[in-house]
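Commentary on secondary and tertiary structure
What follows is each chain in one-letter form.
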Amino acid sequence: MSTEEKSAAPRSLAEALRARDDLALAALLRSRPDLVTPVPTDLTQLATRAGTRASVVRALERLDRFTLQAAEALAVAADPAPYAELLALMAGDAGDPEVEAALPRAVAVLREQALVWGGDDRLRLVRTARELLAPSPQHPSPTGLGPTVREAAAGMSPGRVQGILGETGLPSTHDSVSAVAALAGLFADRRRMAALLAPLPAESREVLERLVWGPPYGQVTHDPAAHLRRLLDLGLLLPTAPGTVVLPREVALHLRAGRAHRAPEPVPPPVEAAAAHRPGIVDATAAGQALTALATVEELLKEWDEGGPAVLRAGGLSVRDLKRTAVALDVPEPVAAFWVELAYAAGLIASDGEADERYAATPATDEWRELPPAERWARLAEAWLAGTRTPGVIGGRDLKDRALSALGPGLDRSAAPEVRHRVLALLAALPEGAAPDVDSVLARLRWERPLRGPRQGQGAEEDLRSRLARWTLDEAELLGITGRGALGATGRALIGAPDRPHAPEPEPEGPGAKLPVHHRTPPASVPRSPAERAAAAAHAARLLAPLLPEPLDHVLLQADLTAVAPGPLQRPLADTLGVLADVESKGGATVYRFTPGSVRRALDAGQSATELHAFLARHSRTPVPQPLTYLIDDVARRHGRLRVGAASAYVRCDDDATLDEILADKRAAGLGLRRLAPTVLAAVAEPAALLEGLRAMGFAPAAESAAGDVLIARADARRTPPRAAPEPVPDGPPVPDDTLLTAAIRAVRAGDLAATTPRKPAPGAPGELPRTGAAETLATMQAAVLTGESLWIGYVNAEGTASQRVIAPVTVEGGFVTAYDHTADEVRTYPLHRITGVAELADDGA
């Protein structure tokens, strides 16, 4: 390298960032959004922020396995290291074509994210990353390598070091530094090292083999065996503490044939197909699941329409209420928890906020029910895809050992949206109709985010991302995003994936290759804005609509007091039939059963017998069976003959014989009834309890108001106040959009210009704001207006914050200066009394 090239090489990360163009800076801020919050004042501050521990840890956690392996190799290489040394550590002495092909991409990723800077001849890992990844006794390196000879021999006596030189056949030196350097040179020389190891006994070689892939530390006794003593004499094992020895890094690399990792993984593991189906079958199955999902959520809302379970004091749903809900929906409890959480995430249920707090449907439920089926499904799918609440953790324990309950706190997992997008994107990359092998999906996710997997010592315990992936596959099938395990057309549209799998972008070639801005993460897994998500959901709804059957306007009445709905029913018909009859079985065809209780429920809702007969005749494709007609007439004839009001409660009836029958019934003893008049009974029980008690005795009472009118009980009478859906918990700062990136880069560039522009020395300590008197400031400003020169000023804003700026004054009048501010890249007006001082910029030749 020439002297001129050396002077042009960046000397710091800030200088390396300064040499980037705007596209490269935008790529950095997009991949590490924490760097732009708040916007840095200049590139020096950006570089400082990029080197902080929290930011570096977050960036390392988002590296794929091979890129992380490259960073780990740089952490054990020289600082700086040429590209050839990194390649040798990754590919080994024998070379590896796959590693050689993939390493330029990994280095490009590290450069893009400002974890590595410098040219290919001087690659530097940022200091914080080196501290995190380099081996130490407290934090072993993932490579399994130990300290270098120089590091391990730092505490050894000079005599001991010279003794090792004599044993290895090296000439003695006058100081320990040169002795250690000679020993390191020997260990790094493959030919001489092979000659040194050849005479060793098998026991000594076995010890080295046990330590070579890590951990590199071992224990020895005060009087080690002969084969261990020989290793210590040759310096192949160096003491680090009493009774502890370490295998030097250079020795391990020789035994590993130069490789830093036992198994480099340059190629991501493929997602394999476990089964293949025709795309039409997949879409039809997914559409059927979508229809079932809508029916299940509607049944849940119907179950909670008049007020759902009570809210626990700590928040959430009790185990007993979840079991009751699971029985009502005819699903297992974990599945019931998923539907409850989905309805909550979509804003369809919430707590009512009353003193006796309960869950109930929200006003948004009525609006949702009026939407076409495909749009209702899209609303649910969109809420699921973007939500961070994770039903899969329900039943577990939080960090304080408290139980996690449905609808309760502590269920948010910020990684959930990213994992859901990524899993569906991997499915979208398979051939159409292919269902994935689950283990291959999990292996791919672990390759893409290895640092978010299980920690050392956790054994076979599955990490959160793997569990989220499993839950995603199950929940996507329940929702109808997948069918038979394969992603359908609606699922592709929902994540914004193309209709057909597209060819991947070509890999960058050569050490200095540039990485495409969106190379690391496929577009389908990049978090999108709410508007983009809504557009994708609308597209998915349009694709789903033709696959769903048209709602029917009829049922088939049977002589056994049942009605069969051969498909989904239109909204008014479904609502009325849901009140008039009970659902007996579900599936492709829903069976409703008419009972005295269900007919009474319809009469309580304000329907008359005549209206019920007309409704059934209008919507039945078969004649209305006579038993059903008799059932409606019989219940209607008895309905309302008894009237229950508040006395605390009373019963009145024009037929005093009916009241005599009630008084004589032993089941009425708990109601506290007594006769006030031939047609009136008073009761101790509350009106609601009295109604239930009389109905349990086989009567059909109706509630009445203080005016004597029959009270109509509507099924949709209970609604919470307006409630917003729960907001997802973000996984760190949001990815900045193009508008913010453009503004941030312009501000950083302008601030950097102001910070690095040469200026003439000003009175005061270096780095302080310029200080001049008011007269001198005014005169300098007026002169700059005439000459068109730029000035360096100190400025204090209304909040008392001081800053330095480079401005080109345009006018000076009325105590204000109007100037083009190079720092803000716009024309601004500044009060002269807030300018601390002014200084001229240095000449170009200065």
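Take the overall build of the protein chain next. A tally of regular secondary structure across the protein chain gives 34 helices and 25 strands. In summary, the protein chain has a C-alpha radius of gyration of 38 Å against a globular reference of 28 Å for 846 residues, an excess of more than 25%. With respect to the three principal axes, the spread of C-alpha positions in the protein chain is 125 × 90 × 55 Å. Pairs at least 24 residues apart make up 67% of the contacts formed inside the protein chain by residues separated by at least 6 positions.

A few words on the packing of helix H6 (residues 65-75) against helix H8 (residues 97-112). Helix packing geometry: the angle between the two helix axes and the distance between the axes. It is at 9 Å that the axes of H6 and H8 come closest, and there the two elements cross at 80°. By the angle class used here, H6 and H8 are roughly perpendicular. Residues Phe66, Thr67, Ala70 and Ala71 of H6 touch H8, and the partners they reach there are Val99, Ala102, Leu103, Arg105, Ala106, Val109 and Leu110. Among the residues making up the contact of H6 with H8, the classes are represented as nine nonpolar, one polar and one charged.

What follows covers unusual backbone geometry. Most peptide bonds take the trans configuration, and most residues that are not glycine carry a negative phi. The omega torsion of the bond from Thr37 to Pro38 falls at -10°, within 30 degrees of zero and hence cis. One can find Pro38 in the loop between helix H3 (22-31) and helix H4 (43-50). With a phi close to 55°, Arg484 is a non-glycine residue in the positive phi region. Mapping Arg484 onto the fold places it in the loop between strand S10 (482-483) and strand S11 (486-487).

Our focus in this paragraph is the packing of helix H19 (residues 333-345) against helix H24 (residues 464-479). Here H19 crosses H24 at 70°, and the two axes come no closer than 12 Å. Classified by the interaxial angle, the pair formed by H19 and H24 is roughly perpendicular. The residues of H24 that touch H19, namely those facing Val335, Phe338, Trp339 and Leu342, are Glu475, Leu478 and Leu479. Grouping the amino acids of the contact of H19 with H24 by side-chain chemistry returns six nonpolar, no polar and one charged.

Time to look at the sheet that holds strand S13 (residues 562-565). Strand order in the open sheet formed by four strands is S12-S13-S15-S14, with antiparallel pairing between adjacent strands. With partners counted over all chains shown, the strands left at the sheet margins are strand S12 (556-557) and strand S14 (582-585), one partner each. Of the strand pairs in this sheet, S12 and S13 are connected by two bridges, and their pairing is antiparallel. Bridged to Leu557 within S13 is Ala563.

Bringing helix H17 (residues 279-303) into the picture now. Residues that lie three or four places apart on an α-helix share one face, since the helix turns once every 3.6 residues. Between the first and last C-alpha of H17 there are 36 Å, a value that for 25 residues agrees with the 36 Å anticipated at 1.5 Å per step. Among the residues of H17, those classed as buried are Val282, Asp283, Ala286, Ala287, Ala290, Ala293, Leu294, Thr296, Val297, Leu300 and Leu301.

Before going further, it helps to spend a moment on the environment of Arg449. Within the fold, Arg449 resides in the loop between helix H23 (438-448) and H24. A C-alpha to C-alpha distance of 8.8 Å links Arg449 and Arg465, two positions 16 residues apart in sequence. Here Arg449 is in contact with Glu61, Arg62, Leu63, Glu418 and Arg465, once residues within four sequence places are set aside. There is a polar contact of 3.3 Å between the side chain of Arg449 and the backbone oxygen of Arg62.

With that settled, consider the pattern of salt bridges. Following the criterion strictly, the structure yields 37 salt bridges and no others. Arg230 serves as the salt-bridge partner of Glu167, at 2.9 Å between the closest nitrogen and oxygen. Taken together, the positions of Glu167 in helix H11 (residues 158-168) and Arg230 in helix H15 (residues 226-233) put the pair 63 residues apart, joining distant regions of the chain. Here Arg230 falls in the partly exposed class, since its relative accessible area comes to 34%. Residues Asp321 and Arg324 are paired through a salt bridge, measuring 2.5 Å at the closest nitrogen-oxygen approach. Taken together, the positions of Asp321 and Arg324, both in helix H18 (residues 319-329) and three residues apart, correspond to about one turn of that helix.

Assignment of secondary structure puts Ala429 in the loop between helix H22 (416-428) and strand S9 (434-436). Spatially, the C-alpha atom of Ala429 lies 9.4 Å from that of Pro498, the residues being 69 residues apart in sequence.

Time to look at the sheet that holds strand S24 (residues 826-831). With respect to topology, five strands assemble into an open sheet ordered S24-S23-S22-S21-S25, the strand pairing being antiparallel. With partners counted over all chains shown, the strands left at the sheet margins are S24 and strand S25 (835-840), one partner each. Each adjacent strand pair in this sheet contributes to an overall mean axis angle of 45°, direction not counted. Examined bridge by bridge, strand S22 (residues 802-813) and strand S23 (residues 816-821) share six bridges and lie antiparallel to one another. Note on S23: the bridge partner recorded for Ile807 is Asp821. Packing of helix H34 (residues 774-787) onto the sheet brings it into contact with strand S21 (791-796), S22, S23 and S25, and relative to S22 it is tilted by some 65°.

This part is about the confidence of the model for the protein chain. Per-residue confidence for the protein chain gives a mean pLDDT of 85; residues scoring 70 or more make up 90%. Residue range residues 454-461 is modelled with pLDDT below 50. Its contacts to residues more than four positions away, or to other chains, number two contacts. Within the model, the stretch residues 501-509 combines pLDDT values under 50 with 15 contacts to residues more than four positions away or in other chains.

Its place among the elements puts Arg376 in helix H21 (residues 373-386). Residues in contact with Arg376, not counting those within four places in the same chain, are Leu294, Glu298, Trp368, Arg369, Leu371 and Arg571.

Another aspect to go through is the nonpolar core. Within the largest apolar cluster, 93 residues are counted, with the highest numbers of intra-cluster contacts made by Leu103, Phe187, Leu236 and Leu237. Excluding its chain neighbours within four sequence positions, the residues that come into contact with Leu237 are Val207, Leu208, Leu211, Leu228, Leu231, Leu232, Val245, Val246, Leu247 and Pro248. Among the nonpolar cores identified, the runner-up in size contains 71 residues, and Leu301, Val393, Val441 and Leu494 belong to it.

Further remarks concern the environment of Ala534. As for its placement among the helices and strands, Ala534 is situated in helix H26 (residues 530-544). Overall, the relative accessible area of 36% leaves Ala534 in the partly exposed class. Expressed as a C-alpha distance, the spacing of Ala534 and Glu382, which sit 152 residues apart in the sequence, is 7.4 Å.

Cut-offs applied
- Residues numbered from 1 in each chain as written.
- Predicted model: local features only at pLDDT ≥ 70, side-chain atom pairs only at ≥ 80, totals over all residues.
- Heavy atoms only, no water.
- Helix = DSSP H or I, 4+ residues; strand = E, 2+ residues; numbered from the N terminus.
- Rg over C-alpha atoms; globule rule 2.2 N^0.38 Å.
- Contact = heavy atoms within 4.5 Å.
- Axes fitted to C-alpha atoms, helices over the stretch in contact; angles between N-to-C directions.
- Parallel < 35°, antiparallel > 145°, perpendicular 65-115°, else oblique.
- Nonpolar A, V, L, I, M, F, W, Y, C, P; charged D, E, K, R; others polar.
- Pairing = 2+ DSSP bridges.
- Expected span 1.5 Å × (residues − 1).
- Buried < 20%, exposed > 50% of the residue type's maximum accessible area, 1.4 Å probe, protein only.
- Polar contact = N/O pair within 3.5 Å; in protein donor to acceptor, adjacent residues only side chain to side chain.
- Salt bridge = Lys/Arg side-chain N within 4 Å of Asp/Glu carboxyl O.
- pLDDT = per-residue confidence, 0-100.
- Core = buried A, V, L, I, M, F, W, Y, C linked by side-chain atoms within 4.5 Å.

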